[in-house]
Amino acid sequence: MAEHGTDEPSSSTESPDGEGRDSGDRLLLHQRLAVRELIDTEASYLHMLQLCASDIRSRLQQLPQGDLDVLFSNIDDVIEVNSKFLHDLQETASREDEQVHSIGNLFLEFQEELERVYKVYCASYDQALLLVETYRKEPELQREIQGIIEAAVPQAGPSGLSFLLVIPLQRITKYPLLLQKILENTDPDASAYPVLQRAASALQDVNANINEYKRRKEVASKYTRVGQLTLRERLARINTHTLSKKTTRLSQLLKQEAGLVPRTEDKEFDYLEERLHWVSLCVTETKNNVAVYLANLEAFLRFRPQESELDIPGGPVVQYCSLMGDLQLQAFPDFKQRLEGLVWQPLCSLAKALSGPQNLVKKRLDKLLDFERVEEKLSEVGSVTYEEQEARHTYQALNSLLVAELPQLNQLAMRWLGQILHTFVDLQRDLAKQVLQRAEGSLAQLPHHHLSEPAFRKLVEDVLGQTGHQLRSFQENFEKVLPPPTVQPLLPGAERQVQALLSRYGPEKLYQVTSNISGAGTLDLTLLRGQIVALLQNKDTKGNSSGWLVDTGGHRGYVPAGKLELYRVIPDQEEVKEQVQPPKDSHHLTPEPSPAPVPSVPTVTQVAAVYPFVARSSHEVSLQAGQLVTVLEAQDKKGNPEWSLVEVNGQRGYVPSSFLARAPSPAPWGWSLPS
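These figures come from a predicted structure and were not determined experimentally.

**Q** Can you help me understand the overall build of the chain in this one?
**A** Of regular secondary structure, the chain possesses 19 helices and 11 strands. Per-residue burial over the chain gives 37% buried out of 675 residues. Of the roughly 40,100 Å² of accessible surface on the chain, a fraction of 53% belongs to carbon and sulfur atoms.

Structure follows, in structure tokens:
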């Protein structure tokens, strides 16, 4: 009994050290359970991803490839990142004392990679769900898809595809919770505690960044869809609210043009926008050139001289006909087919891919005007409405998305275009090789087949040099009797408008349009060649000197600076009066440099058109360079000798007198390939 009595207090009373050890043991046990949960669920999650990518995706081949790309998005990239993550996670088990510390560092190490792959998957998730909804409207297809998924993943149940697609979203949002659970069961004094804190915070930032990226993508997708609407659909969307917004934006833009309110400058975006513009221009020009090339190739294939009856007996003619028949039946059609598939179609796809970003850039300008107006109100009043605050956020999201993705887009587009051009060159090289191989037997019939390649190159260079010298001699002889090139003269009756601009702005501000201008933007002008304008500002709204603000006397707007030439007013001089006989008290407007006298064209004389001329009204007639023209009257109805009444191809009308001249009669000339 005594022994029992002495043992009783020791069994019922515990020391503080014992309680601390028990508490620490429980904490360590829960920590290990949390770590085990992280590793086990990661392995199970990765297995499910691999099942989706390999088994289920391969069995859904009845769906279009485009649908599969949307449904499974970049799941292969997700699998690659999570496979490396799981491998490193399992290796931490070998360092039991430092396992928690290693797990925290591992999450910090994979932070950027996890954000990179999961933001792409999450951004396409809503579009994948829309596809799933369309499948449910087709019962037979839905049953087939459901059967495939239930056979591979029985736990998916009736949710089917939706159950599988949401798994990556659930996993990335669960990482912070799993880290928090480990953190709660870690002693605050432990060295791993601050590392786990940073890791948990980093994964929360990853989720926040993914949500923001998803929101930006939704904004971009919304305005991309709007840019693809037809004219009828656009008109159907017009209402009082949209008219009010457009009016407010126009008012804001006019205030900026007048200098009443400051303009928001973003040099980084302006540079990226300019790069996108040049990339798009390169793609468009290349596409147009390839289209012309294909049209010429088609015309070439339709022209088959070898099928005609030639009055030339045998020999090289027979070989030529045989060779051309062979080439036009196989080599050239094959080349055309490959050109369309490997060059033309990728070019069209690239141009279509760039249209979306271009629409977003245009929409950004609208949202920037909204943003500037709201910022102005916020600085004056101190508060804005919910709708105005949403407009601010929309602009910020759209601008951030463009600034983040335009560099990659520009780089990718240039690389894509470069590959297309390389392919085009390779196709040309292959065609040349095929033609040479097929023509190998006919080469001996060529007049210079005995020459070596260097000697033949020298022969060609000599012939081209001789021909070029003859052309230059002809040009020099021709130019001796021609007036110097002049800019398109003024239209009859335009003097009053020019005099108004002259009196308002002075002669140093007058410029003449050197070629027709078609305005593409809202503030761009459409002008005819020869029209006179007054310069208001030698830069556009972004400060670029490539576009100038001008006044036509009735409208103001922007035109390309490269299509303007300075005018200066020359006072009346006796020599000029004798040659052109201007009315008294008038000024004669001419382009820089000082003009040569207008040539006198005799009445009812056949002359040649020196330069092409495009008629701009029913009173004028078009000319082509070198065309023979009959001059009926060497002046217009007002007696102005700058315009002549002519007849060409049975049509009568006025043309500039300076565009006409008697053609020289040079000595006969020509060239031929030496034998």
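**Q** Please explain the pairing of strand β4 (residues 556-560) as it appears in this structure.
**A** When a strand is regular, its side chains alternate between the sheet's two faces. With 5 bridges connecting them, strand β3 (residues 547-551) and β4 associate as antiparallel partners. By the bridge assignment, D551 is partnered in β4 with R556. In this antiparallel pair of consecutive strands, β3 and β4, the connection spans 4 residues, and G553 shows a positive phi of 100 degrees.

**Q** How should I be thinking about the side chain of T467 in this particular structure?
**A** Summarising the element assignment, T467 is placed in helix α17 (residues 453-480). A distance of 2.8 Å separates a polar side-chain atom of T467 from the backbone oxygen of V463.

**Q** How should I be thinking about helix α14 (residues 267-302) in this particular structure?
**A** Since the α-helix turns once every 3.6 residues, residues separated by three or four places project in the same direction. For α14, built from 36 residues, the straight-helix expectation of 52 Å at 1.5 Å per residue is met to within 8% by its first-to-last C-alpha distance of 53 Å. Of all the positions in α14, only F269, L272, E273, L276, V279, S280, V283, T286, V290, L294, L297 and L301 are classed as buried.

**Q** What is the right way to read the environment of Y175 from this model?
**A** Among the structural elements, Y175 can be located in helix α10 (residues 167-184). Along the backbone, Y175 and E42 are 133 residues apart, and their C-alpha atoms lie at a distance of 9.8 Å. Residues within four places of Y175 in sequence aside, it is in contact with E42, Y45, N82, F85, F107 and L203. Separated by 2.7 Å, the side chains of Y175 and E42 make a polar contact.

**Q** Is there a simple way to think about a nonpolar patch on the surface in this case?
**A** A cluster of nonpolar side chains, contributed by L451, F456, V460 and L464, occupies part of the molecular surface with about 320 Å² of accessible area. Tracing the sequence through the fold places L451 in the loop between α16 (386-438) and α17. The exposure class assigned to L451 is partly exposed, which follows from its relative accessible area of 30%.

**Q** Which parts of the structure should I look at to understand unusual backbone geometry?
**A** Note on backbone geometry: most residues besides glycine have negative phi, and most peptide bonds are trans. Phi at S73 is positive, roughly 45 degrees, even though this residue is not glycine. Tracing the chain through its elements places S73 in the loop between α3 (65-72) and α4 (75-91). For S73, a relative accessible area of 23% translates into the label partly exposed. A positive phi angle is found at N649, which is not glycine, with a value near 55 degrees.

**Q** Hey, could you run me through the packing of α3 against helix α7 (residues 125-136) in this one?
**A** Working note: a packed helix pair is described by the angle between its axes plus the distance between those axes. Here α3 crosses α7 at 125 degrees, and the two axes come no closer than 8 Å. On the basis of their axis angle, the class for α3 and α7 is oblique. Handedness of the crossing formed by α3 with α7: left-handed. Contact with α3, carried on its side by D67, V70 and L71, involves Q127, A128, L131, V132 and Y135 of α7 and no other residues of that element. A class-by-class count of the residues in the contact of α3 with α7 yields 6 nonpolar, 1 polar and 1 charged.

**Q** How do you make sense of the confidence of the model for the chain when you look at a structure like this?
**A** Close inspection of predicted coordinates is inappropriate for parts of the model with low pLDDT. Scored by pLDDT, the chain comes out at a mean of 79, with 80% of its residues at no less than 70. For the chain, per-element mean pLDDT is lowest for helix α19 (residues 574-580), which scores 38, and highest for α4, which scores 93. Low pLDDT, under 50, characterises residues 570-603; the stretch is placed with 53 contacts to residues that sit more than four places away or in other chains. Scored below 50 in pLDDT, residues 665-675 shows 14 contacts in the model against residues more than four places distant or in partner chains.

**Q** Is there a simple way to think about the packing of aromatic side chains in this case?
**A** Aromatic ring pairs: the centre-centre distance and the angle between the two ring planes describe each pair. Counted by the stated rule, this structure contains 11 aromatic pairs. Seen from their ring centres, Y293 and F335 are 6.4 Å apart, and the 70 degrees between their planes marks the pair as edge-to-face. Of this pair, Y293 sits in helix α14 while F335 is found in helix α15 (residues 316-381), placing the two residues 42 residues apart along the sequence. What links up through ring pairs into an aromatic cluster is the set F85, F107, F110 and Y175. Over the face of the ring belonging to F72 we find R57, whose NZ or CZ atom lies 5.8 Å from the ring centre. One Lys or Arg, R364, reaches over the ring of F269 and ends 3.6 Å from the middle of that ring.

**Q** What should I look at first to understand the side chain of S657 in this one?
**A** Summarising the element assignment, S657 is placed in the loop between β10 (651-656) and β11 (660-661). Under the relative-accessibility criterion, S657 is labelled buried at 1%. A polar side-chain atom of S657 sits 3.5 Å from the main-chain amide nitrogen of W643. A distance of 2.6 Å separates polar atoms of two side chains, one belonging to S657 and the other to S644.

**Q** Just to check I follow, could you spell out the pattern of salt bridges for this structure?
**A** Two side chains bearing opposite charge may form a pair once their charged atoms approach each other closely. Per the stated rule, a full pass over the model turns up 25 salt bridges. A salt bridge links D55 to R59, with the shortest nitrogen-to-oxygen separation between them at 2.9 Å. Note that D55 and R59 are positioned in helix α2 (residues 16-59) at a spacing of 4 residues, about one turn of the helix. Two residues, D126 and K214, come together in a salt bridge whose shortest N-O distance is 2.8 Å. With D126 in helix α7 and K214 in helix α11 (residues 192-227), this pair connects stretches of sequence that are 88 residues apart.

**Q** Just to check I follow, could you spell out the nonpolar core for this structure?
**A** Looking at soluble globular proteins, one finds that nonpolar side chains tend to be buried together. Judged by nonpolar contacts, the single largest core of 65 residues is most densely connected at I56, L60, L71 and F107. Of the residues forming this core, the biggest block, 12 residues, is contributed by α2. The residues touching I56, leaving out its near neighbours within four places in the chain, are L51, F72, I149, A152, V153 and L164. Residues L339, L398, L427 and L431 belong to the second largest nonpolar core, which totals 33 residues.

**Q** Please clarify how the packing of α14 against α16 should be interpreted in this entry.
**A** At a minimum axis separation of 9 Å, α14 and α16 run at an interaxial angle of 25 degrees. Comparing their axes, α16 and α14 come out roughly parallel. The handedness of the crossing between α14 and α16 comes out as left-handed. Here the residues of the contact of α14 with α16 sort into 17 nonpolar, 4 polar and 2 charged.

**Q** Looking at this structure, how should I read the pairing of strand β8 (residues 628-633)?
**A** In this sheet, β8 lies alongside strand β7 (residues 605-609) in antiparallel orientation, the contact comprising 4 bridges. Along β8, the bridge assignment pairs V607 with V629.

The rules behind these values
- Residues numbered from 1 in each chain as written.
- Predicted model: local features only at pLDDT ≥ 70, side-chain atom pairs only at ≥ 80, totals over all residues.
- Heavy atoms only, no water.
- Helix = DSSP H or I, 4+ residues; strand = E, 2+ residues; numbered from the N terminus.
- Buried < 20%, exposed > 50% of the residue type's maximum accessible area, 1.4 Å probe, protein only.
- Areas by Shrake-Rupley, 256 points an atom, 1.4 Å probe, with all protein chains shown as cover.
- Pairing = 2+ DSSP bridges.
- Polar contact = N/O pair within 3.5 Å; in protein donor to acceptor, adjacent residues only side chain to side chain.
- Expected span 1.5 Å × (residues − 1).
- Contact = heavy atoms within 4.5 Å.
- Patch = residues over 30% accessible without salt bridge, like charges linked within 9 Å, V, L, I, M, F, W, Y side chains within 5 Å.
- Salt bridge = Lys/Arg side-chain N within 4 Å of Asp/Glu carboxyl O.
- Axes fitted to C-alpha atoms, helices over the stretch in contact; angles between N-to-C directions.
- Parallel < 35°, antiparallel > 145°, perpendicular 65-115°, else oblique.
- Left-handed = near helix turned anticlockwise from the far one by under 90°.
- Nonpolar A, V, L, I, M, F, W, Y, C, P; charged D, E, K, R; others polar.
- pLDDT = per-residue confidence, 0-100.
- Phe/Tyr/Trp six-rings, centres within 6.5 Å; stacked < 30°, edge-to-face > 60°.
- Lys NZ or Arg CZ within 6 Å of the ring centre and 35° of its normal.
- Core = buried A, V, L, I, M, F, W, Y, C linked by side-chain atoms within 4.5 Å.

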